Amino acid sequence: MVVHMDRMFFFDAVRDGLFKGELTQPQVEGITAILDAWERRFAPADRRWLAYILATAYHETAYTMQPVRETLAQSDARAVEILEAAFATGRLSWVRTPYWRPDQDGRCWLGRGLVQLTHKRNYEAMSALTGIDLVADPDRAMEMDAAVTILIEGMLQGSFTGHKLADHLNATTEDWVNARRIVNGTDRAEKLAGYAKAFHAAMRPDAAQGRPRD
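Quick caveat: nothing in here was measured; it's all calculated off a predicted structure. (Residues numbered from 1 in each chain as written. Predicted model: local features only at pLDDT ≥ 70, side-chain atom pairs only at ≥ 80, totals over all residues. Heavy atoms only, no water.)

### Things to note about the nonpolar core
Next up, step 1: Among the nonpolar cores identified, the biggest contains 55 residues, and F10, I34, L54 and F199 are the most heavily contacted of them.
Next up, step 2: For this core, the secondary structure elements donating two or more residues are α1 (7-18), α2 (25-41), α3 (47-60), α5 (120-130), α6 (144-157) and α8 (189-201).
Next up, step 3: Residues in contact with I34, not counting those within four places in the same chain, are L50, I53, L54, A57, M65, L114, V148, L151 and I152.
Next up, step 4: Of all hydrophobic cores here, the second largest spans 11 residues; its members include A73, L83, A86 and L92. (Core = buried A, V, L, I, M, F, W, Y, C linked by side-chain atoms within 4.5 Å. Buried < 20%, exposed > 50% of the residue type's maximum accessible area, 1.4 Å probe, protein only. Helix = DSSP H or I, 4+ residues; strand = E, 2+ residues; numbered from the N terminus. Contact = heavy atoms within 4.5 Å.)

What follows is the structure, encoded as structure tokens:
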């Protein structure tokens, strides 16, 4: 039996705990897309994984819960402009090769989606995972269905860094901080841990009609 989440309780809890008392329609739609995809395919799995997935989307999209382009720019050209300016002034000191610069075909491999997918090799890998040719059209990583698949499957399989959810959240380990290594080293790891715990605390079984639904 699969016990579904009490979504009314969940949305009420995260609205107050993470979204300053107000959820926009796009935020609700983004969260719902992640929850729906999870329940269709991974409902029996560890809900801490779902909590960390939601926390990652929350952080990586600047709380919008919608697929975004790196820097939140509305176009590749503007994103490249912003990234070039930051790189020139030393604010991207960890970047050795500016991955956002258009290649010989004019395509940019900058971050897109619910988790910022960068570099051509990762677009190639996620093309196989989603069944969408993201190399031919990188902007398709901004489509909600593709973005949700990349987010969930990538974190489950360890596609981004080699670390996966089961490495840090399992039967014997609950390391919310180092779970950040799944996506981006230890960058803002403590904040992500707090977000994930808040999402997890909002999850409880749906006890409608006096019993869990199956």
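### Examining the environment of Y123
Next up, step 1: By the element assignment, Y123 lies in helix α5.
Next up, step 2: Given a relative accessible area of 0%, Y123 falls into the buried group.
Next up, step 3: Dropping the residues within four chain positions of it, Y123 is found in contact with W109, L110, G111, R112, L117, T118, L134, V135, P138 and A141.

### Concerning the environment of P26
Next up, step 1: The residue P26 is located in helix α2 in this model.
Next up, step 2: According to the relative accessible area criterion, P26 is partly exposed, its value standing at 39%.
Next up, step 3: Considered as a pair, P26 and T64 are 38 residues apart in the sequence and their alpha carbons are 7.2 Å apart.
Next up, step 4: Excluding residues within four positions of it along the chain, P26 makes contact with T64, M65 and Q66.

### What to know about helix α4 (residues 76-88)
Next up, step 1: For α4, which comprises 13 residues, the first-to-last C-alpha distance of 18 Å matches the rise-based estimate of 18 Å (1.5 Å per residue) to within 8%.
Next up, step 2: Those residues of α4 not exposed but buried are A79, V80, L83 and A86. One side of α4 carries all its buried residues, which in axial view fall inside an arc of 130 degrees. In α4, those exposed residues whose orientation departs by more than 90 degrees from the buried face are A77 and A88.
Next up, step 3: Residues of α4 that are buried in the fold lie against β1 (68-69). (Expected span 1.5 Å × (residues − 1). Arc of directions from axis to C-beta.)

### Thoughts on the packing of α2 against α6
Next up, step 1: Two elements in contact, α2 and α6, have axes separated by 10 Å at closest approach and are oriented at 55 degrees. Considered as vectors, α2 and α6 are oriented oblique to each other. Our pair here, α2 against α6, has a crossing hand that is right-handed. Along its contact with α2, which presents G30, A33, I34, A37, W38 and R41, the element α6 presents M144, V148, L151, I152, E153 and L156.
Next up, step 2: Taken together, the residues of the contact of α2 with α6 sort by class into 9 nonpolar, 1 polar and 2 charged. (Axes fitted to C-alpha atoms, helices over the stretch in contact; angles between N-to-C directions. Parallel < 35°, antiparallel > 145°, perpendicular 65-115°, else oblique. Left-handed = near helix turned anticlockwise from the far one by under 90°. Nonpolar A, V, L, I, M, F, W, Y, C, P; charged D, E, K, R; others polar.)

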